[in-house]
Amino acid sequence: MPVSSQHKVYIPNSSRDNQYLLAEFSLTDAILARFGAPMVDSAEPFKEFYLQLGKIFFELADQAGLRNVHLIANGKTPVVRFHTEAYTLQTAEQILFFYNPAYHEAQNSFFNPAEKARKVSLLFLATDANIRANAADFHNKVRALLQRFSDEINSPELSIKMRDHQHLTYDLFAKQKGVKESYGYKLRSLDARYKARNCELPEKHSALTYAIINLPLSRYVKEQVTIDTKSDRPYTALYQLIQDQFVEATSLNKLTHRAVLANGLLPLVRNSKFDKMSTGKELQMIGFDTSVSEGQLIADWDDSNLVESAQFIIFATKDDYTDMGYGRFMNQVETALRRFAKGVNLNPERDDLVVRFHQHISYHL
């Protein structure tokens, strides 16, 4: 294989792009005071504050030409996914935004008027038919808006953390299902991509790159082992098989920082240098330590319960990046996953193995 081809991963044209930016700040008493005292004699003492904050935010978004923006002040975590239809769902811990960036626009506020939120989140969803090519311009627009927003709030206690999330989603077996066209990606780091498009990132910023893989536990997968329904832990053999095959396949391809999850929770990947691992009823914070040279395996599965799908995380370290980008890393990921698929007898023409390549950056304004 030519050297240039080793650094490109060929992703099917049926893949889906997403980009969203999330700005967060703590809601202090000083910031509240900038808008007047809460109406303590009201059943909804904070309603007017949230409405005023939203008015400032949405007016700035309109001026900047940002057409899909949301204010979140109810403690819930936004989750963004591609969909041909636009709709928003709320659970106890999440707000799920499904939309097609090429078509859908929205402005919404999510808050409890009776409660003071711990933090306020400003969510910006990309609205473009070509997200990767225009990602730096979108980042610049959001950053400029946040600087104007900070000027409007005019509080010394306002400290905004900005996160840029991008992911590229595709079925590893798309070709076997009839998708013949693909495009070669070098998958450069966000730093390099942005610098080339006149978007300079602060020197102090955190960057994460990883792949999350979703394996539906179909009947055929479950039939690979004997499930003892009379046992208190009937799915031990199933989850152990999945873990063993995944660990073997990734180890052979020198992928060292990994997680195997089968607990029904949505994983949120963070750098363990800054964020501690934690688990809620719906969400699980997963932290990787890139300083651990011998690798890291996080395994969390509940063998007393059968989940709809298992999830795998493969985290990129500095050794997985080249001057060309993460193309070689993703080729290793794909090679490992194809080996894993054979190990659990997946049928590429029938089964899905959905890969989501993530790139994140974060910094304080």
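Look above for the structure.
This text gives an overview of the structure that appears in the document. Because the structure is a prediction, the values reported are computed rather than measured.

**Some words on the overall build of the protein**
Part 1 of the reasoning: What the protein contains, in helices and strands, is eight helices and 18 strands.
Part 2 of the reasoning: With 365 residues in all, the protein has 50% of them scored as buried.
Part 3 of the reasoning: For the protein, the proportion of contacts with a sequence separation of at least 24, taken over those separated by at least 6, is 77%.
Part 4 of the reasoning: As displayed, the protein has an accessible area near 17,900 Å², and 46% of this comes from carbon and sulfur atoms.
Part 5 of the reasoning: Here the protein contributes 43 positively and 43 negatively charged side chains, and the mean placements of these two sets differ by 5 Å.

**What to know about the packing of aromatic side chains**
Part 1 of the reasoning: Inspection of every chain in the model, using the stated rule, returns 20 aromatic pairs.
Part 2 of the reasoning: Taking 6.5 Å as the distance between ring centres and 80° as the angle between the ring planes, the aromatic pair formed by F57 and F149 counts as edge-to-face. Of the two residues, F57 sits in helix 3 (residues 47-64) while F149 sits in helix 4 (residues 131-153), which places them 92 residues apart along the sequence.
Part 3 of the reasoning: Of the residues examined, F57 reaches a relative accessible area of 0% and is grouped as buried.
Part 4 of the reasoning: Residues Y87 and F98 carry aromatic rings whose centres are separated by 4.9 Å and whose planes lie at 20° to one another, so their mutual orientation is stacked. Placement of Y87 in strand 5 (residues 87-90) and of F98 in strand 6 (residues 94-99) is noted, with a sequence separation of eleven residues between them.

**Focus on the sheet that holds strand 4 (residues 77-82)**
Part 1 of the reasoning: Reading across the sheet, the three strands line up as 4-6-5 and stay open at both edges, with mixed pairing between neighbours. The open sheet has two edge strands, strand 4 and strand 5, and neither has a second partner. For this sheet, the mean angle separating the axes of adjacent strands, direction not counted, is 20°.
Part 2 of the reasoning: With six bridges joining them, strand 4 and strand 6 adopt parallel strand pairing. The partner of P78 across the bridge, within strand 6, is I95.

**A short note on the pattern of salt bridges**
Part 1 of the reasoning: Enumeration according to the criterion identifies 14 salt bridges in this entry.
Part 2 of the reasoning: The shortest N-O distance in the salt bridge between K177 and D171 comes to 2.8 Å.
Part 3 of the reasoning: Residue classification places K177 among the partly exposed positions, given a relative accessible area of 34%.

**Focus on the packing of helix 7 (residues 236-252) against helix 8 (residues 327-343)**
Part 1 of the reasoning: Contact geometry of helix 7 with helix 8 gives a least axis separation of 8 Å together with a crossing angle of 150°. Along this stretch, helix 7 crosses helix 8, giving a crossing that reads as right-handed. Between helix 7, through I242, Q245, F246, E248, A249, T250 and L252, and helix 8, the contact on the second element is made entirely by A336, R339, F340 and G343.
Part 2 of the reasoning: In terms of residue class, the contact of helix 7 with helix 8 is built from six nonpolar, three polar and two charged.

**A few points about helix 4**
Part 1 of the reasoning: The principal kink in helix 4, of about 30°, is found at D137.
Part 2 of the reasoning: Those residues of helix 4 lying buried are I131, R132, A135, A136, F138, H139, V142, R143, L145, L146, F149 and I153.
Part 3 of the reasoning: N154 sits one or two positions beyond helix 4 and adopts a positive phi of about 55°.

**Examining the packing of helix 3 against helix 4**
Part 1 of the reasoning: Between helix 3 and helix 4, the shortest axis-to-axis distance is 10 Å and the interhelical angle comes to 145°. You can see that helix 3 and helix 4 cross each other, and the crossing is right-handed. Listed contacts from helix 4 to L53, I56, F57, L60, A61 and A64 of helix 3 are K141, L145, R148, F149, E152 and I153.
Part 2 of the reasoning: Residue composition of the contact of helix 3 with helix 4, by class: nine nonpolar, no polar and three charged.

**Some words on the nonpolar core**
Part 1 of the reasoning: Counting residues in each nonpolar core, the largest one holds 54 residues, and the members touching the most others are L122, F124 and F149.
Part 2 of the reasoning: For F124, the contacting residues outside a window of four places in its chain are Q19, Y20, L21, A23, F57, L66, N68, V69, F138, V142, L145 and L146.
Part 3 of the reasoning: If you look at the next biggest cluster of nonpolar residues, it comprises 42 residues, including I11, Y170, Y185 and V344.

**Description of the environment of R188**
Part 1 of the reasoning: By secondary structure assignment, the location of R188 is in the loop between strand 10 (182-185) and helix 5 (190-195).
Part 2 of the reasoning: Accessibility expressed as a relative area gives 33% for R188, which makes it partly exposed.
Part 3 of the reasoning: Each C-alpha atom, one on R188 and one on D323, is 8.1 Å from the other, the two residues being 135 residues apart in sequence.
Part 4 of the reasoning: Ignoring sequence-local partners within four residues, the contact set of R188 consists of R193, A196, M324, G325 and Q359.

The rules behind each value
- Per-chain numbering applies: the sequence of each chain, read as written, is numbered from 1 onward.
- A pLDDT threshold of at least 70 governs which residues receive local features in this predicted model, and a stricter bar of 80 or more applies before side-chain atom pairs are shown or counted, although totals over entire chains, interfaces and linings include all residues.
- Computation of side-chain values: all heavy atoms of the structure, hydrogens and water removed.
- Strands are runs of DSSP state E lasting at least 2 residues, helices are runs of H or I lasting at least 4, and numbering of each runs from the N terminus.
- The buried label applies to any residue whose accessible area, calculated with a 1.4 Å probe on protein chains only, is under 20% of its type's maximum; exposed applies above 50%, and partly exposed to all values in between.
- Any two residues having at least one pair of non-hydrogen atoms within 4.5 Å are treated as being in contact.
- Computed with a 1.4 Å probe, the accessible areas rest on the Shrake-Rupley method; for each residue, only the protein chains presented here act as cover.
- Charged residues are defined here as Lys and Arg on the positive side and Asp and Glu on the negative side; His and the ends of the chain fall outside this count.
- The location of each charge is read from NZ of Lys, CZ of Arg, CG of Asp or CD of Glu.
- Any pair of Phe, Tyr and Trp rings, taking the six-membered ring for Trp, is counted once the centres come within 6.5 Å. Such a pair is stacked with planes under 30 degrees apart, edge-to-face with planes over 60 apart, and tilted for the rest.
- By the convention used here, strands pair only if DSSP detects at least 2 bridges between them.
- Axes here refer to lines fitted to C-alpha atoms; in helices the fit is confined to the stretch in contact. Angles between the N-to-C directions go from 0 to 180 degrees.
- The working definition used for a salt bridge is a side-chain nitrogen of Lys or Arg within 4 Å of a carboxyl oxygen of Asp or Glu.
- Two helices that cross are described as forming a left-handed crossing if the nearer one is turned anticlockwise from the farther one by less than a right angle, and a right-handed crossing if clockwise.
- Side-chain classes are defined by residue name, with Ala, Val, Leu, Ile, Met, Phe, Trp, Tyr, Cys and Pro counting as nonpolar, Asp, Glu, Lys and Arg as charged, and the others, Gly among them, as polar.
- To get the bend at a residue, fit one axis to the 7 residues ending there and another to the 7 starting there, then take the angle between the axes.
- Throughout, nonpolar core names a set of buried Ala, Val, Leu, Ile, Met, Phe, Trp, Tyr and Cys residues whose side chains join them through atoms within 4.5 Å.

That's the geometry; what it means functionally is another story.
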